Amino acid sequence: MKTCLPPLLLLTAAMAVAAPATAQSRGDWTLGLGVHNVDPKSDSGRLDATALGLGPLPPTEIGSSVRPTITVEYFLRDNVGIEVLAALPFQHDIDIRGVGKVGSARHLPPTVSLQYHFANASKATPFVGAGVNYTTFFSEGTTGALTGTRLKLDDSWGLAAHVGVDFAIGQRSALRLDARWIDIGSDVSVDGVKIGKAEIDPLVYGVAWVTKF
């Protein structure tokens with residue numbers, strides 16, 4: 001069973017001890033280069049393949065994936081920025097509980113968030129954000145019980161929440177620990193027949209090097 005509690009507890013603890021830090025000023029830009037894990041919730045819903053002769057299926061489980069990420073943030077005013085998240089394509093295995101792997105898919109999850117950074121006098125700056133995610137799926141493939149069929153996952157729009165803390169390193173750089181929750185739900189079709197919806201809703205967490213310019 002997958003769990004995200006350790007990274008979340010570490011992040012929460014870091015934010016709890018973070019004292020006040022340096023302000024971000026209006027007109028500033030930051031660039032973040034990092035590595036993040038997209039970890040879908042353990043039960044991504046049940047699919048009904050009755051039309052394909054397979055009947056209702058056990059819960060769907062979608063595997064996690066780690067990839068490099070990039071963020072760009074522009075500060076509209078002091079401590080308030082708008083951030084764009086991009087990444088290399090994530091790839092996920094798709095399993096049916098008790099059946100095994102039945103497919104895989106790749107996706108890109110660009111996300112735009114409005115963020116508030118809690119400026120203070122220490123080297124730690126916590127922040128929170130909320131925004132909109134668009135996820136596009138591609139390169140779907142099938143195996144196991146679905147071998148020989150055509151799998152399709154529809155694109156998704158959803159809300160996203162972001163929390164993290166930047167630890168200043170030097171005058172213009174910081175080490176960032178952060179986590180996002182993203183609402184991703186995709187209609188699933190096999191051979192053109194809709195068999196249900198995958199509620200992926202992943203937690204995305206990782207580390208990045210952030211530079212102000």
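These numbers were taken from a predicted model, which means no experiment stands behind them.

**Points about a nonpolar patch on the surface**
Step number 1: Together, Trp29, Leu31, Leu33, Ile70, Val72 and Phe213 line one region of the surface with nonpolar side chains, adding up to about 530 Å² of accessible area.
Step number 2: Looking at the nonpolar patch element by element, the count peaks at 3 residues for strand E1 (residues 29–39).
Step number 3: Tracing the sequence through the fold places tryptophan 29 in strand E1.
Step number 4: Under the relative-accessibility criterion, tryptophan 29 is labelled partly exposed at 38%.

**Thoughts on the nonpolar core**
Step number 1: Of all hydrophobic cores here, the largest spans 23 residues; its most connected members are Ile94, Leu151, Leu153, Val188 and Ile200.
Step number 2: Counting residues per element, the ones that place at least two in this core are strand E3 (55–62), strand E6 (90–96), strand E7 (100–108), strand E10 (151–153), strand E13 (185–190) and strand E14 (193–199).
Step number 3: Here valine 188 is in contact with Leu47, Leu151, Lys152, Leu153, Val193, Lys194, Ile195, Gly196, Lys197 and Ala198, once residues within four sequence places are set aside.

**Regarding the pairing of strand E11 (residues 156–169)**
Step number 1: Here strand E9 (residues 124–142) pairs with E11 via 12 bridges, running antiparallel. The residue bridging proline 126 from the neighbouring strand is valine 165, located in E11.
Step number 2: In the sheet, E11 pairs with strand E12 (residues 173–182) via 10 bridges, with the strands oriented antiparallel. Pairing of valine 165 across the sheet is with leucine 177, part of E12.
Step number 3: Where E11 hands over to E12, the hairpin turn is made up of 3 residues, of which glycine 170 adopts a positive phi near 80 degrees.

**Examining the sheet that holds E14**
Hydrogen bonding along the main chain pairs the strands of a sheet, whether they run parallel or antiparallel.
Step number 1: An order of E10-E13-E14 is seen for the 3 strands of this open sheet, with the pairing classed as antiparallel. Two strands lie at the open edges of the sheet, namely E10 and E14, each paired on one side alone. Between one strand axis and the next, the sheet turns through 25 degrees on average, direction left out of account.
Step number 2: Where E13 meets E14, 6 bridges bridge the pair, whose relative direction is antiparallel. By the bridge assignment for E14, valine 188 is matched with glycine 196.

**A word on unusual backbone geometry**
Step number 1: Not every positive phi belongs to a glycine, and asparagine 79 is a case in point at roughly 70 degrees.
Step number 2: Despite not being glycine, aspartate 201 has its phi angle at roughly 40 degrees, a positive value.
Step number 3: In this structure, aspartate 201 sits in the loop between E14 and strand E15 (203–212).

**Considering the packing of aromatic side chains**
Step number 1: Taken as a whole and judged by the stated rule, the model has 3 aromatic pairs.
Step number 2: Plain terms: the ring middles of tyrosine 134 and tryptophan 157 are 4.8 Å apart, the flat faces sit at 45 degrees to each other, and that makes the pair tilted. Of this pair, tyrosine 134 sits in strand E9 while tryptophan 157 sits in strand E11, placing them 23 residues apart in sequence.
Step number 3: Residue classification places tryptophan 157 among the exposed residues on the basis of a relative accessible area of 65%.

**Re the side chain of threonine 111**
Step number 1: Looking at the element boundaries, threonine 111 is found in strand E8 (residues 111–117).
Step number 2: Not counting chain neighbours up to four residues away, the residues in contact with threonine 111 comprise Glu83, Val84, Leu85, Val132, Asn133, Ala160, Arg180 and Ile182.

**A short note on the pattern of salt bridges**
For side chains bearing opposite charge, pairing can occur when the charged atoms are close.
Step number 1: Under the counting rule described, the total for this entry stands at 8 salt bridges.
Step number 2: Lysine 41 serves as the salt-bridge partner of aspartate 201, at 3.5 Å between the closest nitrogen and oxygen. Here aspartate 201, found in the loop between E14 and E15, pairs with lysine 41, found in the loop between E1 and strand E2 (46–49); they are 160 residues apart in sequence, far enough to count as distant.
Step number 3: The class for aspartate 201 is buried, based on a relative accessible area of 14%.
Step number 4: In this structure lysine 41 comes out as partly exposed when scored by relative accessible area, which is 36%.
Step number 5: In this structure, aspartate 93 and lysine 101 form a salt bridge, with 3.2 Å as the shortest nitrogen-oxygen distance.

Calculation rules
Residues numbered from 1 in each chain as written. Predicted model: local features only at pLDDT ≥ 70, side-chain atom pairs only at ≥ 80, totals over all residues. Heavy atoms only, no water. Patch = residues over 30% accessible without salt bridge, like charges linked within 9 Å, V, L, I, M, F, W, Y side chains within 5 Å. Areas by Shrake-Rupley, 256 points an atom, 1.4 Å probe, with all protein chains shown as cover. Salt bridge = Lys/Arg side-chain N within 4 Å of Asp/Glu carboxyl O. Helix = DSSP H or I, 4+ residues; strand = E, 2+ residues; numbered from the N terminus. Buried < 20%, exposed > 50% of the residue type's maximum accessible area, 1.4 Å probe, protein only. Core = buried A, V, L, I, M, F, W, Y, C linked by side-chain atoms within 4.5 Å. Contact = heavy atoms within 4.5 Å. Pairing = 2+ DSSP bridges. Axes fitted to C-alpha atoms, helices over the stretch in contact; angles between N-to-C directions. Phe/Tyr/Trp six-rings, centres within 6.5 Å; stacked < 30°, edge-to-face > 60°.

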